[in-house]
Amino acid sequence: MVKRIFWVSLGVVIGVVAVSKAEAYVRANTPDKARQFVLGPDQDHVMQRSLRGLFDEFNATRIAREEELNSQYADKLG
């Protein structure tokens with residue numbers, strides 16, 4: 001179990017480093033118009049917007065699935 005946690009953590013760290021390096025490369029080597037197209041108008045908070053979007057999508061999917069399961073099992077009970 002400890003090995004799995006280690007390897008998953010290592011993968012997450014490598015992913016974060018790779019994304020930050022790619023973002024820095026895009027910022028340094030692209031013109032402003034292209035950078036705005038790729039990163040959006042708010043270029044300083046790309047990671048926060050991405051994480052917030054993932055979190056919001058996860059919650060919306062979770063709530064929809066909970067409602068589906070509640071209605072499915074409420075029909076069986078009632």
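Because the structure is a prediction, the values reported are computed rather than measured. (Residues numbered from 1 in each chain as written. Predicted model: local features only at pLDDT ≥ 70, side-chain atom pairs only at ≥ 80, totals over all residues. Heavy atoms only, no water.)

Participant: Looking at this structure, I do not really get the overall build of the protein. What am I missing?
Facilitator: Counting secondary structure elements, the protein contains three helices and zero strands. Ordered by position from N to C terminus, the α and β elements of the protein give α-α-α. A compact globule built from 78 residues would reach a C-alpha radius of gyration of about 12 Å, whereas the protein, at 20 Å, exceeds it by more than 25%. The principal-axis extent of the C-alpha atoms belonging to the protein is close to 60 × 40 × 15 Å. Buried residues in the protein amount to 9% of all 78 residues. Summed over all atoms, the accessible surface of the protein reaches about 6,900 Å², with 66% contributed by carbon and sulfur. (Helix = DSSP H or I, 4+ residues; strand = E, 2+ residues; numbered from the N terminus. Rg over C-alpha atoms; globule rule 2.2 N^0.38 Å. Buried < 20%, exposed > 50% of the residue type's maximum accessible area, 1.4 Å probe, protein only. Areas by Shrake-Rupley, 256 points an atom, 1.4 Å probe, with all protein chains shown as cover.)

Participant: Please explain the confidence of the model for the protein as it appears in this structure.
Facilitator: Do not read the predicted coordinates in detail wherever pLDDT is low. Averaged over every residue, the pLDDT of the protein is 86; the share at 70 or more is 99%. Per-element mean pLDDT across the protein ranges from 80 in helix H2 (residues 32-39) up to 89 in helix H1 (residues 2-29). (pLDDT = per-residue confidence, 0-100.)

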